[in-house]
Amino acid sequence: MAGSRRDFLKTAGLTGGLLAAGAALAPAAVSAEPSADPWDRVPEILARIVPPRFPDRTFDLRSFGAVGDDKKDNTKAFASAISACTAAGGGRVLVTGGTYRTGAIHLRSNVDLHVAAGATIKFSASASAFPAVYTRWQGIECVNFSPFVYARGQANLALTGAGTIDGNAQAGPWFDYDGQRGPDWDRLQQMAVDGVPVEKRKFGDGHYLKPNMIQFYGCRNILVEGLSLRNPAMWTVHPVLSENVTVRDVKIHSRGAMVDGVDPESCADVHIHHCSFDTGDDGTVIKSGRDTDGRRVGVPSERIVIEDNDYHGRWGAITIGSEMSGGVRDVFAQRNRIHQGSSYKAFYGLYLKTNKRRGGVIENIHVRDLSGGPVDRGAIFVDMNYSLTGPGFGDIVHPVIRNIDARDIRLDDSPFALKIAGSPESPLTGFRLADSAFTNIDTPKPQISNAKNVVISNVKVNGKPL
């Protein structure tokens, strides 16, 4: 799929930016011999994922006129410091000693934006501070508000430090948009069906499709590390069509609607680990575009490892979909823990969601050592009939789900242990649950419909074997 990934980047005008930055796209993956245990692939995947390194140069934001008192607009200072850093061949833009209010920050190649302990980047509450850029909104390409931190077609990028990036979304108009976005959202979906060129799908200021917090679009060699990320308007960390992505040791706190934690979309070689998710929506959620537009782009998310994370928030902890029309494959999640949050309970432990307009294939999903609770709506839920309300846009193209493997799942306090709601036109094929124990479950018996080759082995619910 690396070839089609390159072809898309060319058509999107991204490949030149990547190559100019000295970054070649990854070679096509070599298919390994079949293994007795698919987990044997994880070391090979992790070996492909190498965080970027940067020259030993520091550009102190204050040297570019920034003032850390939350009163001055530091947008120009950020732009100047980032420009100087990348022009010099790369290094670190240092944010220290205060709270720096700013509009959109656009990262460039070879820049590590480092927010030191005690420092905060705090974003403007004005919609006009986020000029329109080429982006995706719920899996559909368009021109919309810039994400708060944004890069497109760049290579070797990092957001690091022990400080805070605060989206300040509650102070802005963003959550008021949730009740007003209907006409814009319907229009964008219809534009995708009608084949309107992306550059003519214009939204942004004056419209009601709120922006993501951090988005790397068509980028390569990305690191997000150590930071406290708070108060996004929408998805918090959202790499799109990007490769070689590491998100580690990050604490994410979000409240409101559509405020996921980390959402790799149409990305390859991603490692998300040792993070804490206290989120108002899904924690880690793998995506690849939505419906007609997702199939047009046609780039899957693949080779993703999610491990050693803690989940304190709502909806799904380990989630795939529902925007998965480009396909999702080869996902490995292990040693993840679900906790009672300060204000939320997780809804689902492992959650796959799609419907008959998505198309695409979800395959080779492997989850082990997922523990904790409570899980408020269900421990493991595969839903192929998710969110079919509304007018519907585009053709019906049934998705495919196959080869899902879950083992050593130990979840407590949930309405059910396992529910598979497959599609009668496209039943799920191949699901294995093994060596697991579920306690305090209201409905012990698995609820399975429209699924083939479901194998349950050495599983106990409320102390009794299934």
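Below or above, wherever it landed, is the structure these notes cover. Predicted model only: the values in this text are computed from it and were never measured.

**Things to note about the nonpolar core**
Core analysis: the largest hydrophobic core is formed by 91 residues, its most contacted members being Leu-107, Leu-159, Phe-216 and Phe-438. If near-sequence neighbours (up to four positions away) are discounted, Leu-159 is found in contact with Leu-107, Asp-112, Leu-113, Val-149, Ile-165, Ile-214, Phe-216, Leu-223, Val-224, Glu-225 and Leu-227.

**Side note on the sheet that holds strand E10 (residues 149-152)**
The strand order across the open sheet built from 4 strands is E5-E10-E13-E16, with neighbouring strands paired in parallel fashion. Since the sheet does not close on itself, it has two edges, and those belong to strand E5 (105-106) and strand E16 (237-240), each with one partner. Pairing geometry for E5 and E10, over 2 bridges, is parallel. Bridge pairing in E10 places Ile-105 opposite Val-149.

**Observations concerning the sheet that holds strand E24 (residues 316-321)**
Pairing within the open sheet is parallel, and its 6 strands lie in the order E21-E24-E26-E28-E30-E32. Edge positions in the sheet fall to strand E21 (284-286) and strand E32 (447-449), since each has one partner strand and no second. Averaged over all adjacent pairs, the angle separating strand axes in this sheet is 20 degrees, with direction ignored. With 3 bridges connecting them, E21 and E24 associate as parallel partners.

**Points about the packing of aromatic side chains**
The tally for this structure, following the rule as stated, stands at 19 aromatic pairs. Ring centres 6.3 Å apart and planes at 45 degrees place the aromatic pair Phe-123 and Phe-130 in the tilted group. Taken individually, Phe-123 and Phe-130 each receive the classification buried, so the pair is uniform in this respect. A ring pair is formed by Tyr-348 and Phe-381, whose centres lie 5.3 Å apart and whose planes are at 40 degrees; its orientation type is tilted. Taken together, the residues span a long stretch of sequence, with Tyr-348 in strand E26 (residues 346-353) and Phe-381 in strand E28 (residues 375-383) at a distance of 33 residues. Residue Phe-381 is classed as buried on the basis of its relative accessible area of 8%. Members of the aromatic cluster, joined through ring pairs, are Phe-123, Phe-130, Phe-145, Phe-148, Trp-174, Tyr-177 and Tyr-208. We note Arg-368 situated over the ring of Trp-39; from NZ or CZ to the ring centre the distance is 3.9 Å.

**Quick word on the environment of Gly-91**
In this structure, Gly-91 sits in strand E3 (residues 91-95). Taking the relative accessible area as the measure of exposure, Gly-91 reaches 0% and is therefore buried. Between the C-alpha atoms of Gly-91 and Ala-116, which are 25 residues apart in sequence, the distance is 15 Å.

**A few points about the state of the cysteines**
What is meant by a disulfide is a covalent connection between two cysteines, made through their sulfur atoms. All told, the structure shown has 0 disulfides when counted by the stated rule. We note that Cys-142 lacks a disulfide partner, and the nearest cysteine sulfur, in Cys-267, lies 17 Å from it. For Cys-142, a relative accessible area of 0% gives the class buried. We note that Cys-267 lacks a disulfide partner, and the nearest cysteine sulfur, in Cys-219, lies 9.5 Å from it. What makes Cys-267 buried here is its relative accessible area of 0%.

Rules used throughout
- Residues numbered from 1 in each chain as written.
- Predicted model: local features only at pLDDT ≥ 70, side-chain atom pairs only at ≥ 80, totals over all residues.
- Heavy atoms only, no water.
- Core = buried A, V, L, I, M, F, W, Y, C linked by side-chain atoms within 4.5 Å.
- Buried < 20%, exposed > 50% of the residue type's maximum accessible area, 1.4 Å probe, protein only.
- Contact = heavy atoms within 4.5 Å.
- Pairing = 2+ DSSP bridges.
- Helix = DSSP H or I, 4+ residues; strand = E, 2+ residues; numbered from the N terminus.
- Axes fitted to C-alpha atoms, helices over the stretch in contact; angles between N-to-C directions.
- Phe/Tyr/Trp six-rings, centres within 6.5 Å; stacked < 30°, edge-to-face > 60°.
- Lys NZ or Arg CZ within 6 Å of the ring centre and 35° of its normal.
- Disulfide = S-S within 2.5 Å.

Interpretation note: all reported values are geometric properties and have no functional meaning in isolation.
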